[in-house]
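Architecture at a glance
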Amino acid sequence: MSDAQRAPLEVAIRGIGLLAPGLSSWPVAAAVLRGEAAYAPAAAVLPPPARLPPAERRRAGPSIRLAMAVADEAIGHAAIDPQHLATVFASSGGEGSNCHVLCETLAGADRQISPTRFTNSVHNAPAGYWHIAVGSRSASTSLSAYDGSFTAGLLEAATQVLATGSEVLLVALDVPYPEPLHRLRPLPGAAGTALVLAPPDAAGALARVAIGLVDATRAGPLSPCAEPGLETLRSQVPAAAALPLLEAVARRSIEQAVVLGYLPTLALHAVVRRPG
Amino acid sequence: MTPLPISAYTLTTALGVGREPTLDALRAERSGLAAARFLDVELPTWIGEVAGLATTPLPAALADFDCRNNRLAWLGLQQDGFADAVLAARERWGADRVAVLLGTSTAGLLETELGYRRREPDGALPDDVRYRDRQNTYSVGAFVTRAFDLRGPSWVVSTACSSSAKVFASAARLIAAGLVDAAIVGGVDSLCLTTLYGFNSLELLSPEVCRPWDAQRRGLSIGEGAAFALLERDTTAPQGWLLGVGESNDGFHMSTPHPEGAGAIAAMRAALADATLGPGDIGYINLHGTATPSNDAAEDRAVGSVFGQQTPCSSTKGATGHTLGAAGGVEAAICLLALRDGLLPAGLHVQQPDPALGLNYLHHNQHAPLRAVLSNSFGFGGTNASLILGRAG
């Protein structure tokens with residue numbers, strides 16, 4: 001009996017948001033993932049978050065913009081009220097440009113850093129802004145598992161769905177570092193994925209996903225994306241690790257198994273089923 | 001939730017390395033805080049520093065992870081038989097059935113901060129700055145996983161000062177879902193420039209030792225700490241119980257708590273509901289109690305509205321400092337010591353109680369049998385977590 005069979009954990013996907021190089025929204029991405037449209041790589045455009053008041057909007061750096069954009073798309077897609085929606089934010093490393101400016105200032109003669117930059121340096125800044133923007137007091141977790149951050153976020157969100165029987169918004173996001181940190185952590189571009197997850201029998205599901213953990217040595221190769229450009233993205237940006245799973249959703253396969261990366265020792269086995 | 005046994009726990013802060021020195025200091029109402037003398041930092045503030053970290057590298061096999069934060073983690077793991085308990089759990093359940101879920105705010109950022117002072121002529125960082133195994137938020141999770149050769153799920157929660165309280169909830173969910181049978185939880189956070197100068201920029205650092213619940217409180221004293229607990233599906237000799245967890249968000253402001261503590265109230269009520277306990281079942285509350293004027297005022301109202309004003313409570317941050325991402329774990333461990341010994345620890349450094357605050361704040365230790373206690377941890381981004389812990393017996 002495989003580990004995946006020993007501990008199946010099933011959730012429904014009710015809404016999707018996506019923003020990545022060449023993929024400006026979930027419908028655009030879905031067409032590329034189905035092979036119906038060509039992939040045209042271009043840097044992701046991160047819109048100023050319309051939900052935030054003007055002062056906060058100005059202060060919102062790329063990770064906050066990215067998170068709000070994909071979260072907004074996913075809740076719109078699911079037609080769900082975000083005010084009572086628990087959230088999980090998964091990011092490999094938070095806001096790289098902000099970290100760089102703080103380190104540069106702290107290495108200088110005058111170490112007086114900006115209070116806004118410090119406040120925004122916390123890993124849970126995107127979550128904090130989101131909950132302010134939508135006026136939500138629901139629970140929120142922000143986490144990292146380096147390259148496995150999306151999968152860790154999926155595990156946290158899915159176990160929350162199981163524990164509470166309520167929807168959870170999962171937002172995975174990564175933005176690149178500027179130099180000199182870029183050389184140490186070369187993320188090629190910003191990418192974000194948001195999923196509204198729900199109990200498996202939820203109405204209006206786009207797909208049902210049964211997930212389980214498998215030993216990396218027995219999991220076989222990670223599922224690739226069919227499109228070579230997307231495969232590059234998947235392998236280089238942690239928040240794009242969801243693409244093979246989303247490809248199965250976009251293709252509306254009756255049933256398709258995918259293997260997603262997680263930790264050096266562990267992979268995620270997911271069976272994506274079309275509802276109905 | 002189904003109560004989860006805690007089969008081992010430990011903590012290391014400025015107050016002491018391991019449980020017994022910590023308990024000695026608590027019994028003596030002694031503080032581990034001192035005027036800051038950390039690197040070349042010139043800030044008029046007090047800190048809670050763990051001695052010896054700068055001069056004690058990690059074992060050679062773990063050298064890739066060598067940084068202040070992981071050194072502190074390593075020091076903490078060696079105390080109170082914790083490492084042996086983890087090895088026993090690995091043996092019992094299997095390496096793939098033990099999760100590692102830890103909290104931190106800044107991980108090994110200090111070494112990158114210092115590396116920025118030594119950039120090459122082309123701007124590059126020196127070779128000893130390591131991103132993945134030291135700076136990255138997950139580095140402490142990877143480090144502890146590697147140190148015990150574990151193969152289970154792992155991540156690091158980084159929700160500022162509630163981080164290492166929230167991992168108790170994540171672990172309970174993973175165990176309930178059947179994905180693992182045991183989990184190492186807790187948190188590690190170490191002194192770095194970003195937090196010292198950052199809290200200074202917000203004018204939240206006290207120029208004297210922090211004084212939670214004092215009328216003249218002027219802000220926090222930053223500390224560092226490592227705290228770990230081992231949760232197991234079942235165990236023969238529990239050292240305490242995780243009875244309930246409540247999580248919420250303020251949805252109000254990034255760095256200021258909701259003035260009425262609305263999110264904090266929601267977290268405490270959720271924890272009570274999770275534990276199926278009433279306010280009267282809680283014998284002691286370990287407050288978040290940072291000693292900023294706004295935190296203590298909001299928390300006083302929030303706790304009062306859930307529990308009334310009779311439940312004995314205190315902040316132990318006057319003893320340990322605010323250990324930020326480790327605070328939830330550190331204070332959970334203090335609560336487990338309190339439960340074991342019936343010791344309700346004093347809130348230190350109150351010279352003049354704030355007449356605007358109404359809780360039953362302990363100015364000196366009290367002794368009373370405790371069955372269940374609650375610990376609050378709140379943080380930037382409006383994040384709130386409350387843990388309810390129970391006595392072993």
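Preceding block: the structure.
Residues numbered from 1 in each chain as written. Chains lettered and ligands numbered in written order. Predicted model: local features only at pLDDT ≥ 70, side-chain atom pairs only at ≥ 80, totals over all residues.

This part is about the overall build of chain A. Each helix and strand in chain A was counted, giving 11 helices and 8 strands. Taken over the C-alpha trace, chain A has a radius of gyration of 18 Å; the compact-globule value for 276 residues is 19 Å, and the two agree within 12%. Considering chain A as a whole, with its 276 residues, one finds that 61% of them fall into the buried category. Pairs at least 24 apart in sequence give 72% of the contacts found in chain A among residues at least 6 apart. (Helix = DSSP H or I, 4+ residues; strand = E, 2+ residues; numbered from the N terminus. Rg over C-alpha atoms; globule rule 2.2 N^0.38 Å. Buried ≥ 20, exposed ≤ 12 C-beta atoms within 10 Å, placed from the backbone. Contact = placed C-beta atoms within 7 Å.)

Let us look at unusual backbone geometry. Following E179(A), the chain continues into P180(A) via a peptide bond in cis, with omega recorded as 5°. Within the fold, P180(A) resides in the loop between β4 (168-174) and α9 (181-184). With phi around 45°, T276(B) is a residue other than glycine that occupies positive phi space. When you line up the elements, T276(B) lands in the loop between α9 (262-275) and β11 (284-286).

Moving on, we come to the nonpolar core. Judged by nonpolar contacts, the single largest core of 244 residues is most densely connected at L197(A) and A183(B). Here A183(B) is in contact with V98(B), A99(B), L101(B), A171(B), L174(B), I175(B) and L231(B), once residues within four sequence places are set aside. (Core = buried A, V, L, I, M, F, W, Y, C linked by C-beta atoms within 7 Å.)

Time to look at the interface of chain B and chain A. On the side of chain A, 55 residues touch chain B, which itself brings 57 residues to the contact. With 2 bridges connecting them, strand β3 (residues 140-144) of chain A and strand β6 (residues 154-157) of chain B associate as antiparallel partners. Residue pairing across strands places S144(A) opposite V156(B), the latter belonging to β6(B). (Pairing = 2+ DSSP bridges.)

Take the packing of α9(B) against helix α10 (residues 293-307) of chain B next. Residues and elements named next belong to chain B. Closest axis-to-axis distance for the α9/α10 pair is 9 Å, and the angle between their directions is 40°. Between α9 and α10, the angle is such that the two are oblique. Between α9 and α10 lies a crossing whose hand is right-handed. In contact with A264, I265, M268 and R269 of α9, α10 contributes A298, E299, A302, S305 and V306. A class-by-class count of the residues in the contact of α9 with α10 yields 6 nonpolar, 1 polar and 2 charged. (Axes fitted to C-alpha atoms, helices over the stretch in contact; angles between N-to-C directions. Parallel < 35°, antiparallel > 145°, perpendicular 65-115°, else oblique. Left-handed = near helix turned anticlockwise from the far one by under 90°. Nonpolar A, V, L, I, M, F, W, Y, C, P; charged D, E, K, R; others polar.)

What follows concerns the sheet that holds strand β8 (residues 222-223) of chain B. All names here are of chain B. Reading across from one edge, β3-β4-β8 is the order of the 3 strands in this open sheet, with mixed pairing throughout. Each edge of the open sheet is held by one strand with a lone partner, namely β3 (34-35) and β8. Where β3 meets strand β4 (residues 46-48), 2 bridges bridge the pair, whose relative direction is antiparallel. Looking across to β4, one finds that A35 is bridged to W46.

Let's shift gears to α10(B). Residues and elements named next belong to chain B. The end-to-end C-alpha distance of α10, which contains 15 residues, comes to 21 Å, matching closely the 21 Å that a straight helix rising 1.5 Å per residue would cover. Among the residues making up α10, those that are buried are N295, D296, A298, E299, D300, R301, A302, V303, V306 and F307. Structurally, α10 contributes buried residues whose contacts are with α9, β11, β12 (312-314) and β16 (372-379). Note on α10: the residue one or two positions beyond its end, G308, has a positive phi of about 75°. (Expected span 1.5 Å × (residues − 1).)

Residues and elements named next belong to chain A. Note on placement: A250 falls in helix α11 (residues 243-250). A250 sits in the buried class, given 22 other C-beta atoms within 10 Å. In the structure, A250 is positioned 219 residues away from A31 in sequence and 7.6 Å away in space, judged by C-alpha atoms. With near-sequence residues (within four places) excluded, A250 lies in contact with A30, L33 and R34.

Residue and element names in this part refer to chain A. Within the secondary structure, A55 sits in helix α3 (residues 54-59). Assessed through the 9 C-beta atoms surrounding it within 10 Å, A55 is described here as exposed. For the pair formed by A55 and F150, sequence separation is 95 residues and the distance between their alpha carbons is 30 Å.

Attention now goes to the pairing of β3(A). All names here are of chain A. A large share of β3 lies buried, amounting to 5 of its 5 residues. Side-chain alternation along β3 places S140, S142 and S144 on one buried face and T141 and L143 on a second face that is also buried. As paired elements, strand β2 (residues 86-90) and β3 share 4 bridges and run parallel to each other. From the neighbouring strand, T87 faces β3, where its bridge partner is S140.

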